[in-house]
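# Observations on the three-dimensional arrangement
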Amino acid sequence: MSFSERTNTVRWIIISLCFLIISLILWNTYTFFQIFKNEERLKMNLFVNAQITIVNADENTDVELPLQIINNNTSIPAVVILYDKVVSSKNVPDEILNDKKKRDALLKTLKRENEPITFEYATGKYQTLYYGNSALLNKLKYYPIALLLIVFLCIALIYNFYKSTKMATQNKLWAGMAKETAHQIGTPLSSLIGWVEILKTEEIDHSITTEIEKDIERLQTITDRFSKIGSVPVLEVHDIVAETLNSYEYLQSRFSKQVAFSYKAPQEPVFSLINPILHSWTIENLVKNAIDAMKGKGSLDLQIEQDSQHVKINIKDSGTGIHKKQFKTIFEPGYTTKKRGWGLGLSLTKRIVEEYHDGKIKVLNSEIGKGTTFQISLNKKVQ
């Protein structure tokens, strides 16, 4: 038997034992409830006998014991009725007994809880005792419900733990695959670099080899990104304006001329604590997401602003727009409105900005049919 099969077998054994233990607890609780209910019935029979003794008592009757039996009932609500009139009662407020509607409602409730006891207190004369469950018995009655709620809560916690563990295992697998992919790409990249050096020696337009070198450098950056998955990134102080525009301009040269790129940024450097490779990934994801929203045609504007503490990067497109109720949903893993894609781009972007760079990302504004503006806010670093 494989490890996986043994694990599943053990899991099902544990689950079966848990259900067996729960069933035994519920059965014992039900049994105890019935035992206590029968004991209270016996107490009420004694109550009835004490009531008969007191009703028929004369000067020679010892009523001390009957009175003690009646007075010792401090927990069970009881009402003795004769021809729709209250003869005596215990543990029932007078305000209920004095109000006919409330009294009738009480009697119906008591009748649902226990079968009334009709007794003959004199020849041909009868009274009826209505009684309910004691507070202790009511608590015991609701105990199984509380137990089931606790059990369901435990099951939910176990399921959540199992699901989280499974996701963590999958994340480790994906991280391992990403690192292996980066390692495998490294070999052909080295070869491409060699071929570019050979091309430089030939009579070829210098601009062609320059562009090829840019693409190779980009591939090396992407390889570096994947190799860092699952690792804590190293943050350094960089000029956020230069790093952002460098990625933005590279993407501009690689997309269709039907997309009108524009940007506005401070002339002076603005420093922030970032990882350049991951920051480049963030800009790339947002730009590609914007171009997809515009279906490859429209205007794309990037603006970098700053205040005393933060630097803000706004990326605005002229795409289809986003409904307000989706402003937070779009950052969830797996969420996508595209026919293709896994819905990981914006989720990854949010993680890079907020978890690694200690910043914030949000949909600043959006109008259906007019476009969307995403905003990244990062902390400034004084040089």
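Below: a short report on this structure. In every chain, residue numbers begin from 1 and rise along the written sequence. Since the coordinates come from a predicted model, pLDDT governs what is reported: local features require at least 70, and pairs of side-chain atoms require 80 or more to be given and counted, while whole-chain, interface and lining totals use all residues. Side-chain figures throughout are based on the complete set of non-hydrogen atoms in the structure, without hydrogens or water.

### Quick word on the pattern of salt bridges
A pair is scored as a salt bridge if a Lys or Arg side-chain nitrogen falls within 4 Å of a carboxyl oxygen belonging to Asp or Glu. Across all of its chains, the model carries five salt bridges by this definition. For the salt bridge of Lys100 with Asp104, the shortest nitrogen-to-oxygen distance reads 3.0 Å. Residue Lys100 and its partner Asp104 are both found in helix α4 (residues 100–113); the two are separated by four residues, about one turn of the helix. Under the relative-accessibility criterion, Asp104 is labelled partly exposed at 24%. Between Lys370 and Glu367 there is a salt bridge, and its shortest N-O distance comes to 3.5 Å. For the purposes of this entry, the term helix denotes a DSSP run of H or I that reaches at least four residues, the term strand denotes a run of E that reaches at least two, and both are numbered from the N terminus. Each residue is assigned to one of three classes by its accessible area relative to the maximum for its type, calculated with a 1.4 Å probe on protein chains only: buried under 20%, partly exposed between the two thresholds, exposed over 50%.

### Concerning α4
Note on helix geometry: an α-helix contains 3.6 residues per turn, so any two residues three or four positions apart are oriented the same way. Between its first and last C-alpha, α4 extends 20 Å over 14 residues, near the 20 Å set by a 1.5 Å rise per residue. Listed in full, the buried residues belonging to α4 are Arg103, Leu106, Leu107 and Leu110. Buried residues of α4, viewed axially, fall in a sector of 100°; they line one side. In α4, the exposed positions angled more than 90 degrees off the buried face are occupied by Lys101, Lys108 and Arg112. Contacts: residue pairs with any heavy atoms within 4.5 Å of one another. On its buried side, α4 packs onto β1 (78–82), β2 (85–90), α3 (94–97) and β4 (125–131). Any helix carries an expected span of 1.5 Å times its number of residues minus one. What the arc describes is the spread of directions from the helix axis to the C-beta atoms.

### Comments concerning unusual backbone geometry
Positive phi, normally seen in glycine, also occurs at Asp84, with a value near 65°. Position of Asp84 relative to the elements: it lies in the loop between β1 and β2. Positive phi is not limited to glycine here, since Asp358 has a value of about 55°. Relative to the assigned elements, Asp358 resides in the loop between α9 (345–356) and β10 (360–367).

### A look at the nonpolar core
As used here, the term nonpolar core means buried Ala, Val, Leu, Ile, Met, Phe, Trp, Tyr and Cys residues forming a set that is joined through side-chain atoms within 4.5 Å. Formed by 34 residues in total, the largest nonpolar core has its most connected members in Ile240, Val287, Leu300, Ile313, Phe374 and Ile376. Those elements that place two or more of their residues in this core are α7 (240–254), β6 (259–264), α8 (276–293), β8 (298–306), β9 (310–317), α9, β10 and β11 (371–379). Among the elements that line this core, the one with the most residues is α7, at six residues. Setting aside residues no more than four positions away along its own chain, Val287 makes contact with Tyr248, Leu251, Phe261 and Leu300.

### Here's the deal with the sheet that holds β4
The pairing criterion for strands is at least two bridges between them, as found by DSSP. What the four strands build is an open sheet, ordered β2-β1-β4-β3; its pairing is antiparallel. Only two strands of the sheet have a single partner each, and these edge strands are β2 and β3 (117–122). Each strand of the sheet is rotated relative to its neighbour by a mean of 25°, with strand direction disregarded. Here β1 pairs with β4 via four bridges, running antiparallel. Following the sheet pairing, Val79 is matched in β4 by Tyr130. Helix axes use the C-alpha atoms of the stretch in contact, all axes being lines fitted to C-alpha atoms, and the angles between their N-to-C directions lie in the range 0 to 180 degrees.

### Topic: a nonpolar patch on the surface
The grouping of Ile13, Leu17, Leu20, Ile21, Leu24, Ile25 and Tyr143 at the surface amounts to a nonpolar patch, some 640 Å² of accessible area in total. Counting residues per element, the nonpolar patch draws most heavily on helix α1 (residues 3–55), at six residues. Inspection of the secondary structure assignment puts Leu20 in helix α1. Residue class for Leu20 comes out partly exposed when judged on its relative accessible area of 48%. Candidate patch residues must exceed 30% relative accessible area and have no salt bridge, after which like charges are joined if within 9 Å and Val, Leu, Ile, Met, Phe, Trp or Tyr side chains if within 5 Å. Using the Shrake-Rupley algorithm and a 1.4 Å probe, accessible areas are obtained, with residue cover drawn only from the displayed protein chains.

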